[in-house]
Amino acid sequence: MMDNMLTNTYGAESGAAAPVKVQIKNVVKTFSGRNGEMVALNGVSLDIRENEFVCVVGPSGCGKSTLLNIIAGLLEPTSGEVYCDGRLVEGTGTDRGVVFQQYALFPWLTVKKNVKFALEMRGIKGREADELAMKYLEKVDLVKFANHYPKELSGGMKQRVAIARAYAAEPQVLLMDEPFGALDAQTRTQLQSELLETWERDRKTCFFITHDVDEAIILAQKVIVMSARPGRIKEIVDIDIPYPRDQETKMSPRFLELKNHIWSIVYQEYLEVRK
Amino acid sequence: MRNNKNSWSNKIPSWAWVILSFIAAIGVWYLLSILPKTSRAFPFAPTTIDGLLTMMERGVFWDDLASSLLSVVMGYGLGFVIALPVAILMAWYLPIRNILNPWIQFIRNIPPLAYVPLLVVCAGVGRPAQVTTITIACFLIMCVTIYQGVINVDETLIKAARVLGAKNRDIFVRVLAPATLPFILTAIRLGASVALTTIIAAESAGSQAGLGMRIRSLNASFENAAMLAYVIVLGIIGILLEKGIRLLEKKLTGWQETIK
Ligand SMILES: Nc1ncnc2c1ncn2[C@@H]1O[C@H](COP(=O)(O)OP(=O)(O)OP(=O)(O)O)[C@@H](O)[C@H]1O
Ligand SMILES: [Mg+2]
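1. So, the sheet that holds strand β4 (residues 79-84) of chain A
All names here are of chain A.
At step 1: The sheet built from four strands is open, its strands ordered β2-β1-β4-β5 with antiparallel pairing. Of all the strands in the sheet, just β2 (36-49) and β5 (87-88) have a single pairing partner and so form its edges.
At step 2: As paired elements, strand β1 (residues 20-33) and β2 share 11 bridges and run antiparallel to each other. From the neighbouring strand, Val22 faces β2, where its bridge partner is Ile48.
At step 3: Those strands touched by helix α2 (residues 64-72) are β1, β2 and β4, and its axis lies near 120° from that of β1.

Take a look at the structure:
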C-alpha cells in the first residue's frame with residue numbers, strides 16, 4: 001500500500017501515463033449582444049488527464065467561467081467539442097459535478113437535505129440516503145450543522161456544504177468556479193488545505209478556476225494561463241512541486257519561482273486588457 | 001430609525017405595547033365622540049356596540065357578513081386559481097408575457113369602483129357582478145406578484161440542480177415551486193387585502209345584503225352608530241386575515257434570508 005503510494009507520484013512530468021479524462025477540442029464561443037458578436041473563447045484546446053488537478057488563471061472576462069460552463073454542459077460551444085471519457089458532451093451529466101462561487105445551496109432545504117438532494121437524484125432514498133448524507137457531511141466537518149438552514153451558516157461553511165453536495169453526486173470530474181473567491185483570506189487557506197487533503201486521498205479529476213496565483217500553484221499540477229479577450233490558452237505551466245503540499249509550501253523557493261513566472265504572464269495580460 | 005438599547009421603551013414587553021396602543025386608540029375615540037365636529041360620526045364604544053346589537057336583532061348583521069364573505073371568498077379563490085397559471089405562463093413564454101403584461105399593468109391602475117358599472121351591464125346586478133369585480137382585482141395583484149417571483153428565481157439554483165442530475169420535472173417540483181412559494185404567499189396576503197377593500201366597490205353593483213351595501217344604506221338613514229360598527233367589523237376581518245396569512249408565511253418560508 002505504502003509502496004504503491006510512493007511510486008504513484010503524479011508529478012506533472014511523470015503523469016503522461018494517465019488516460020485523458022476530458023478533451024477540449026477547438027472550442028469557440030461567441031455571444032451575440034447589442035454591440036454585435038462577442039468572441040469569448042477563440043479556439044481553446046486542452047486535455048485534462050485522469051486524476052489530474054488543473055487550475056485556470058487569467059484576467060477577468062477572459063472566458064474562464066464560459067469554458068467551465070461548456071465542460072459542465074450548461075452552455076453549448078459555438079464550434080468545437082468537449083469529450084468526457086471519449087463521449088461527446090451534450091448537456092449536463094452526473095459524471096461532471098460543479099461547485100459555484102455563489103454556493104448555490106437550496107435555501108429552503110437544511111444542510112443535510114441539500115446533500116440528500118444529490119443522493120436522491122442518484123436514486124438513493126430514505127434511511128440509506130440519510131446515513132450517506134451524514135457521511136458526506138462528516139468529510140467536511142459539518143455534522144453538527146446538519147439540521148441548520150443555509151442562512152444560518154458562514155460563507156466558509158456554506159461552501160463546505162456545496163462541496164459535500166457535489167461529492168455526494170459522486171462525479172468523476174469536479175469543476176470549480178472560484179469556489180473560495182468570496183471568502184476571507186483565513187477561511188480560504190483553510191478550505192484550500194481541506195481540498196488538498198481530500199484530493200491527495202481520492203485524486204478526483206479537478207478543474208479549478210481562481211484569480212489567486214498562490215492558490216493555483218498550491219493546488220494544481222498544471223496551471224493554465226488564459227489570455228485576455230478573446231480568450232485563448234496562453235501558457236500551460238507544470239507545477240513540479242511534489243505532494244503532499246501544505247501552506248508551508250508557499251515559502252519554498254520553487255513555489256516563489258513559479259509564482260514569479262506565472263505572475264509575469266498574468267501581468268502582461270492584465271496590461272493587455274487595460275489597453 | 002433611532003433605537004437606543006437602554007431606553008425605557010425597550011423594557012416594555014410587546015404584549016404591553018398592544019394594550020397601551022389599544023388604550024390610546026380608545027382615548028382618541030373618546031375625544032372624537034365629544035368634539036362637536038366629529039361626535040355625530042364617531043359615537044363612543046357603548047353606543048356603537050348598541051348599534052351593532054340592534055343590527056343583530058333586526059336579523060341583518062349575520063346575513064350581511066355571510067353575503068360579503070361569500071363574494072370575497074369566491075372572487076378571491078377564482079382570482080388565485082386564474083392568476084397562478086397565467087403568472088407562470090407569462091414568466092415562461094415571451095409572447096404571452098409581451099401581449100398580456102402591458103394590459104395587466106394598465107387595468108391594475110384603474111380603481112375597481114370605476115369599472116363596476118361596466119361589469120353590471122355584462123353580468124347583471126347582484127352576486128355575479130360582485131364576484132367578477134373581486135376576481136378581477138385579486139387576479140391582477142396576485143398575477144403580478146407571482147410573475148415577479150417566477151422570473152426572479154436564482155438561475156444558479158436551476159443550474160446546480162441540473163448538474164446534480166435533476167430532470168425538468170424535478171426542477172419544477174423541487175426548485176421552482178419552493179423558490180416561488182414566498183411570492184405566492186405574499187400574493188395570497190396582498191390578494192386578501194385587495195378582496196376586502198374591493199367589497200365596497202363590488203357591492204355598489206347592487207345587492208340584497210352585504211357589509212358594504214349596509215354601510216351605504218345606514219349612511220342614508222343617518223344610523224351612524226351601526227355604520228361605525230360595520231366599518232370596524234371590516235377592519236377586524238382584514239387584520240385577522242392578514243395575521244393568519246403572515247403566520248402561515250412564517251411557518252412555510254422561515255428559511256428565507258431576512259434583512260434586518
Ligand atoms: N450569457 C452571456 N451573454 C453575453 N456575454 C456573455 C455571457 N456570458 C459571458 N459573456 C461574456 O463573455 C466574456 C467571458 O465571460 P466569463 O464569465 O467566462 O469570464 P471570466 O473569465 O469567468 O471572468 P471573471 O474572472 O470575472 O469571472 C465576458 O466578456 C462576458 O461579458
Ligand atoms: Mg468567472
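2. Things to note about the pairing of strand β6 (residues 96-99) of chain A
Residue and element names in this part refer to chain A.
At step 1: Side chains Arg96 and Val98 of β6 all project onto a buried face; the interleaved residues Gly97 and Val99 project onto the opposite face, where all are buried too.
At step 2: Pairing analysis gives four bridges linking β6 to strand β7 (residues 173-177), with the strands arranged parallel. Pairing of Val98 across the sheet is with Leu175, part of β7.

3. What about the site of ligand 1?
Residue and element names in this part refer to chain A.
At step 1: Surveying the vicinity of ligand 1 reveals 13 residues, the closest of which are Ser60, Gly61, Lys64, Ser65 and Thr66.
At step 2: Interatomic distance of 3.2 Å between a backbone N/O atom of Cys62 and an oxygen atom of ligand 1.
At step 3: Contact distances for ligand 1 include 3.3 Å between an oxygen atom and a side-chain N or O atom of His211.
At step 4: Burial of ligand 1 by the protein amounts to 61% of the accessible area it has alone, namely 630 Å².
At step 5: Counting residues per element, the ones that place at least two in the shell around ligand 1 are β2 and α2.
At step 6: The residue inventory of the shell around ligand 1, partitioned by class, reads four nonpolar, six polar and three charged.

Procedures and definitions
Residues numbered from 1 in each chain as written. Chains lettered and ligands numbered in written order. Predicted model: local features only at pLDDT ≥ 70, side-chain atom pairs only at ≥ 80, totals over all residues. Heavy atoms only, no water. Pairing = 2+ DSSP bridges. Helix = DSSP H or I, 4+ residues; strand = E, 2+ residues; numbered from the N terminus. Contact = heavy atoms within 4.5 Å. Axes fitted to C-alpha atoms, helices over the stretch in contact; angles between N-to-C directions. Buried < 20%, exposed > 50% of the residue type's maximum accessible area, 1.4 Å probe, protein only. Near = heavy atom within 4 Å. Polar contact = N/O pair within 3.5 Å; in protein donor to acceptor, adjacent residues only side chain to side chain. Areas by Shrake-Rupley, 256 points an atom, 1.4 Å probe, with all protein chains shown as cover. Nonpolar A, V, L, I, M, F, W, Y, C, P; charged D, E, K, R; others polar.

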